[in-house]
Amino acid sequence: MKQIEMGQEVKDKITGFTGYVVGRCQYISGCNQTLVQPAMKKGNFVENKWFDDDRLEVTKTKAITLKVINPGFDKPAPRK
């Protein structure tokens, strides 16, 4: 199975749930999962969902990208 990439549009083969890959999780057992964020509906956000990679098929190979200027939290860890 080809690796699913961040930002690609995917579809769950069972439910038809469609959206963009916004997160990935790898487990030692090999049951890797992907977080899928669908588009808004009627101006409202739709909750994202986790799916096993085997259930997903890529519907658009061209991935969306974000220009990230400052990834993560922008303050340093506290010091003692």
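Engineer: Can you break down unusual backbone geometry residue by residue, with the values?
Structural biologist: Unusually for a residue other than glycine, Lys42 sits at a positive phi of about 55°. Tracing the chain through its elements places Lys42 in the loop between β3 (33-37) and β4 (49-52).

Engineer: Describe in detail the packing of aromatic side chains, supporting the description with residues and values.
Structural biologist: In the structure shown here, the tally under the stated rule is 1 aromatic pair. When the ring of Phe17 is compared with that of Phe51, the centres are 5.3 Å apart and the planes differ by 45°; the resulting orientation is tilted. One end of the pair, Phe17, is in the loop between β1 (9-12) and β2 (18-25); the other, Phe51, is in strand β4, with 34 residues separating them in the sequence.

Engineer: Account for the side chain of Asp12, naming residues and giving values.
Structural biologist: Here Asp12 lies in strand β1. Here the side chain of Asp12 touches Thr15 through a polar contact of 2.6 Å, side chain to side chain. Apart from residues lying up to four places away in sequence, Asp12 is in contact with Phe17, Phe51, Arg55 and Leu56.

Engineer: Talk me through the state of the cysteines; I want residue IDs and the actual numbers.
Structural biologist: Counting across every chain of the model gives 0 disulfides. Cys31 supplies the cysteine sulfur nearest to Cys25, a cysteine that is in no disulfide, at a spacing of 9.4 Å. Under the relative-accessibility criterion, Cys25 is labelled partly exposed at 22%. We classify Cys31 as partly exposed; its relative accessible area is 35%.

Engineer: Residue-level account of the sheet that holds β4, with values.
Structural biologist: Taken together, 5 strands build an open sheet; the order of strands is β4-β3-β2-β1-β5 and the sheet is antiparallel. What marks the edges here is a single partner per strand, and that holds for β4 and β5 (56-60). Across the sheet, the mean angle from the axis of one strand to that of its neighbour is 50°, orientation sign disregarded.

The rules behind the values
Counting of residues starts from 1 at the beginning of each chain's written sequence and follows it residue by residue. The predicted origin of the model limits local features to residues at a pLDDT of at least 70 and limits the giving and counting of side-chain atom pairs to 80 or more, whereas totals for whole chains, interfaces and linings rest on all residues. Only hydrogens and water are set aside when side-chain values are computed; all heavy atoms of the structure are taken into account. By the criteria applied, helices consist of DSSP H or I runs no shorter than four residues and strands consist of E runs no shorter than two, each listed in order from the N terminus. Stacked, edge-to-face and tilted are the three classes for Phe, Tyr and Trp ring pairs, Trp counted by its six-membered ring, which pair at centre distances within 6.5 Å; planes under 30 degrees apart are stacked, over 60 edge-to-face, the rest tilted. We define a polar contact as two N or O atoms separated by no more than 3.5 Å, with the added condition that, inside protein, one atom must be a possible hydrogen donor and the other a possible acceptor, whereas residues neighbouring each other in sequence contribute only through side-chain atom pairs. Any two residues whose heavy atoms approach within 4.5 Å at even a single point are treated as in contact. Two cysteine sulfur atoms form a disulfide, by the criterion used here, when they sit within 2.5 Å. Only protein chains enter the area calculation, which uses a 1.4 Å probe; residues under 20% of their type maximum are buried, those over 50% are exposed, and those in between are partly exposed. Strands are treated as partners if at least two bridges between them are detected by DSSP. Throughout, an axis means a line fitted to C-alpha atoms (over the contacting stretch in the case of helices), and angles, computed between N-to-C directions, take values from 0 to 180 degrees.

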